[in-house]
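As a plain string of letters, each chain reads:
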Amino acid sequence: MAAVMQHAPIYEGTRIPSPAPTLLEVPEALGESEDILTVNFGPNHPSTHGVLRLVVELHGERVVGLRAVIGYLHTGFEKTIEQKTYWKAITYPARIDYLSFQANELVFVLAIEKLLEIDVPPKAQWMRTCLLELNRLHSHLVWLGTTGLELGAISMFWYTFRERDAILDLFEMLAGVRMHTRYFQAGGLADDIPPGFAEECRRFADRMPAAVDEYEAMLDRNQIFLERTKGIGLLSADDAIALGQSGPMLRASGADWDLRRDDPYLVYDQLDFNVPVYPGGDVYDRYRVHMDEMRESVRIIHQCLDGMPEGPWIADDRKVVLPPRDELHTSMESLIHHFKLVTEGYRVPEGEVYVAIESPRGEMGCYLVSDGGAKPWRVKFRAPSFVALQAGPTMIQGSLIADMIAIAASLDTVMGEVDR
């Protein structure tokens with residue numbers, strides 16, 4: 001994965017605090033001061049994204065110390081997946097980041113397919129790409145609505161959830177459920193694209209740019225929003241790279257890197273889209289990247305609908321893929337095969353792989369190790385929310401307590417993905 005990261009520093013040197021990037025220590029000059037006030041934010045404070053606890057030390061209204069305490073949402077997903085067959089385990093990654101459910105489901109399925117060396121039909125590849133961009137819109141809309149709510153722009157929440165509901169209607173049309181669809185299977189899709197989906201999806205994509213215009217009209221000239229986002233939570237490109245950032249966090253700091261373009265998967269190499277990059281590295285530029293990415297996602301969705309080929313929607317591999325549903329009523333062999341796949345699972349050749357995709361929050365990676373059995377020997381997810389959280393102290397140091405809320409929101413973290 002070779003690419004040149006182009007960036008212009010927004011300040012000299014580094015702001016990464018010492019000794020650890022997840023910890024901001026009170027300066028020695030203030031260490032013994034009686035003016036330091038320790039305030040506990042969380043783990044259920046309404047201004048935090050999920051169940052996060054921040055132990056904040058204040059000198060007046062300025063943040064001089066910070067410690068993030070995580071683990072309140074720990075679910076043991078990775079270890080649970082290792083106790084399930086590959087077939088049953090597909091339901092779990094989607095719930096790690098419940099807003100990027102389709103992206104997380106895909107990265108696990110791609111890792112399985114890489115070990116199995118399955119060729120996925122073109123129709124499934126194009127449909128997966130379309131759904132990933134719908135999921136990106138879904139995630140960005142929730143981020144924008146909740147961030148607006150935290151900064152006092154309550155109307156933004158209602159506007160964004162209007163479009164979010166339309167996206168979830170499309171997922172429900174596909175899979176019968178609105179979230180955590182399990183629509184991606186090893187080898188392709190769980191079912192063929194239903195009649196009418198393309199038309200409904202196109203109608204939504206036609207409306208979406210006007211909706212983004214509405215969001216910008218409410219925020220771009222709002223003096224309160226601008227004062228609470230511009231020049232706040234600075235993160236340079238060098239610091240972002242040093243802290244392992246990716247996705248909107250990295251691109252809003254001036255680093256031009258997107259896995260869809262720089263290490264393409266699915267059909268992204270056949271699509272025309274731009275990668276928004278802004279040099280400011282502040283809360284406002286992170287907002288701008290999210291807005292521009294929504295417009296680009298709409299472009300990609302239109303191209304996927306226009307280029308969607310005919311043909312099979314899942315590979316013809318009876319060792320991994322369920323037999324057609326209509327055969328279950330007429331063929332005892334198909335019924336037995338279905339039963340064995342669902343209960344016992346399929347065996348995956350011995351080996352290890354790492355697969356990474358560009359989720360709405362950045363590089364979502366899956367490291368998968370197989371010992372040749374029907375269950376993963378080891379599963380590890382590279383969660384962009386966890387990496388983004390460690391940039392918090394760098395961005396928050398020296399800020400006002402009110403600005404801390406805007407900075408924490410701009411990280412776009414999902415705590416289920418942080419804790420796993």
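Because the structure is a prediction, the values reported are computed rather than measured.

1. What about the sheet that holds strand 1 (residues 23-24)?
Logical step 1: Judged by pairing direction, the sheet is antiparallel, and its four strands sit side by side in the order 1-4-3-2 without closing on themselves. This sheet does not close on itself; its edge strands, each paired only once, are strand 1 and strand 2 (36-41).
Logical step 2: Both strand 3 (residues 53-59) and strand 4 (residues 62-69) contribute to a ladder of seven bridges, which runs antiparallel. Along strand 4, the bridge assignment pairs H59 with R62.

2. Quick look at the packing of aromatic side chains
Logical step 1: Scanning all chains against the criterion turns up 10 aromatic pairs.
Logical step 2: With centroids separated by 5.1 Å and ring planes inclined at 85°, the aromatic side chains of F157 and W158 adopt a geometry described as edge-to-face.
Logical step 3: Judged by relative accessible area, W158 falls into the exposed class, the value being 57%.
Logical step 4: Between Y268 and F273 the ring centres are 6.0 Å apart and the planes differ by 70°, which places this aromatic pair in the edge-to-face class. Across this residue pair, the class does not change: Y268 and F273 are buried.
Logical step 5: Of the aromatic side chains, those joined through ring pairs into one cluster are F157, W158 and F161.
Logical step 6: One Lys or Arg, R128, reaches over the ring of F184 and ends 5.6 Å from the middle of that ring.
Logical step 7: Here K230 stacks its cationic end above the ring of Y284, 4.8 Å away from the centre of that ring.

3. Description of the sheet that holds strand 7 (residues 351-359)
Logical step 1: Taken in spatial order, the three strands of this open sheet run 7-8-9, and their pairing is antiparallel. Looking at which strands have only one partner, the edges of the open sheet turn out to be strand 7 and strand 9 (378-382). Sheet twist, expressed as the mean angle between neighbouring strand axes with direction ignored, is 10°.
Logical step 2: Judged from the nine bridges that link them, strand 7 and strand 8 (residues 362-370) form a sheet pairing that is antiparallel. Looking at strand 8, one finds that A356 is bridged to G365.
Logical step 3: Each of strand 7, strand 8 and strand 9 touches helix 4 (residues 101-116); the most contacted strand, strand 7, lies at about 150° to it.

4. A closer look at the pairing of strand 3
Logical step 1: Looking at chain direction, strand 2 and strand 3 are connected through six bridges and run antiparallel. Bridge pairing in strand 3 links T38 to E57.
Logical step 2: Two successive antiparallel strands, strand 3 and strand 4, enclose a turn made up of two residues, where G60 displays a positive phi of approximately 70°.

5. Things to note about the packing of helix 5 (residues 122-150) against helix 16 (residues 401-410)
Logical step 1: It is the contact of helix 5 with helix 16, at a shortest axis distance of 10 Å, that shows an interaxial angle of 175°. Considering their axes alone, helix 5 and helix 16 lie roughly antiparallel with respect to each other. The segment helix 5 lies against helix 16, with W143, T147 and E150 engaging I405, A409 and S410.
Logical step 2: Grouping the constituent residues of the contact of helix 5 with helix 16 by class yields three nonpolar, two polar and one charged.

6. Digging into the packing of helix 5 against helix 7 (residues 197-219)
Logical step 1: Two numbers describe how helix 5 lies on helix 7: the axes approach to 12 Å, and their chain directions differ by 30°. When the axes of helix 5 and helix 7 are compared, the pair comes out roughly parallel. For the element pair helix 5 and helix 7, the recorded crossing hand is left-handed. Residue-level inspection shows M127, C130, L131, L134, L137, L141 and L144 of helix 5 in contact with helix 7, the latter providing F197, C201, F204, M208, Y215 and L219.
Logical step 2: Here the contact of helix 5 with helix 7 is composed, by residue class, of 13 nonpolar, no polar and no charged.

7. Considerations on the environment of G244
Logical step 1: Mapped onto the fold, G244 is located in the loop between helix 9 (237-242) and helix 10 (247-251).
Logical step 2: Taking relative accessible area as the criterion, G244 reaches 26% and is therefore assigned partly exposed.
Logical step 3: Remark: the alpha-carbon pair of G244 and M156, spanning 88 residues in sequence, is separated by 31 Å.
Logical step 4: Once residues lying within four places of it in the same chain are set aside, the contact partners of G244 are R382 and V387.

8. Regarding the nonpolar core
Logical step 1: If you look at the biggest cluster of nonpolar residues, it comprises 118 residues, and the most contacted ones within it are L134 and Y346.
Logical step 2: If near-sequence neighbours (up to four positions away) are discounted, Y346 is found in contact with Y86, W87, I90, I112, L116, A186, K319, V320, L341, G373 and A374.

9. Digging into unusual backbone geometry
Logical step 1: Not every positive phi belongs to a glycine, and H180 is a case in point at roughly 55°.
Logical step 2: Its place among the elements puts H180 in the loop between helix 6 (154-175) and strand 5 (184-185).
Logical step 3: Positive phi outside glycine occurs at L266, with the angle close to 50°.
Logical step 4: Relative to the assigned elements, L266 resides in the loop between helix 11 (259-262) and helix 12 (283-307).

10. Concerning the confidence of the model for the chain
Logical step 1: Summarising the model, the chain shows a mean pLDDT of 88, and 94% of its residues fall at 70 or more.
Logical step 2: Note on residues 1-8: pLDDT under 50 across the span, and 19 contacts to partners over four residues away in sequence or across chains.

11. Topic: helix 13 (residues 332-344)
Logical step 1: Taking 1.5 Å of rise per residue, 13 residues should cover 18 Å, and helix 13 covers 18 Å from first to last C-alpha, within 8% of that figure.
Logical step 2: Two residues or fewer past helix 13, G345 is found with a positive phi of approximately 80°.

12. Details of the pattern of salt bridges
Logical step 1: By the definition in use, this model includes 30 salt bridges.
Logical step 2: In this structure, R361 engages D97 in a salt bridge whose closest nitrogen and oxygen atoms are separated by 2.9 Å. In this pair, R361 sits in the loop between strand 7 and strand 8 while D97 sits in the loop between helix 3 (93-96) and helix 4, placing the two residues 264 residues apart along the sequence. With respect to class, R361 is no different from D97; both count as buried.
Logical step 3: When the shortest N-O distance is used, the salt bridge between D169 and R178 registers 2.7 Å.
Logical step 4: Note on D169: relative accessible area 38%, which makes it partly exposed.
Logical step 5: Within the structure, one salt-bridge network assembled from shared partners comprises E133, R136, R251, D258, R260, E293 and E358.

Conventions adopted
Residues numbered from 1 in each chain as written. Predicted model: local features only at pLDDT ≥ 70, side-chain atom pairs only at ≥ 80, totals over all residues. Heavy atoms only, no water. Pairing = 2+ DSSP bridges. Helix = DSSP H or I, 4+ residues; strand = E, 2+ residues; numbered from the N terminus. Phe/Tyr/Trp six-rings, centres within 6.5 Å; stacked < 30°, edge-to-face > 60°. Buried < 20%, exposed > 50% of the residue type's maximum accessible area, 1.4 Å probe, protein only. Lys NZ or Arg CZ within 6 Å of the ring centre and 35° of its normal. Axes fitted to C-alpha atoms, helices over the stretch in contact; angles between N-to-C directions. Contact = heavy atoms within 4.5 Å. Parallel < 35°, antiparallel > 145°, perpendicular 65-115°, else oblique. Nonpolar A, V, L, I, M, F, W, Y, C, P; charged D, E, K, R; others polar. Left-handed = near helix turned anticlockwise from the far one by under 90°. Core = buried A, V, L, I, M, F, W, Y, C linked by side-chain atoms within 4.5 Å. pLDDT = per-residue confidence, 0-100. Expected span 1.5 Å × (residues − 1). Salt bridge = Lys/Arg side-chain N within 4 Å of Asp/Glu carboxyl O.

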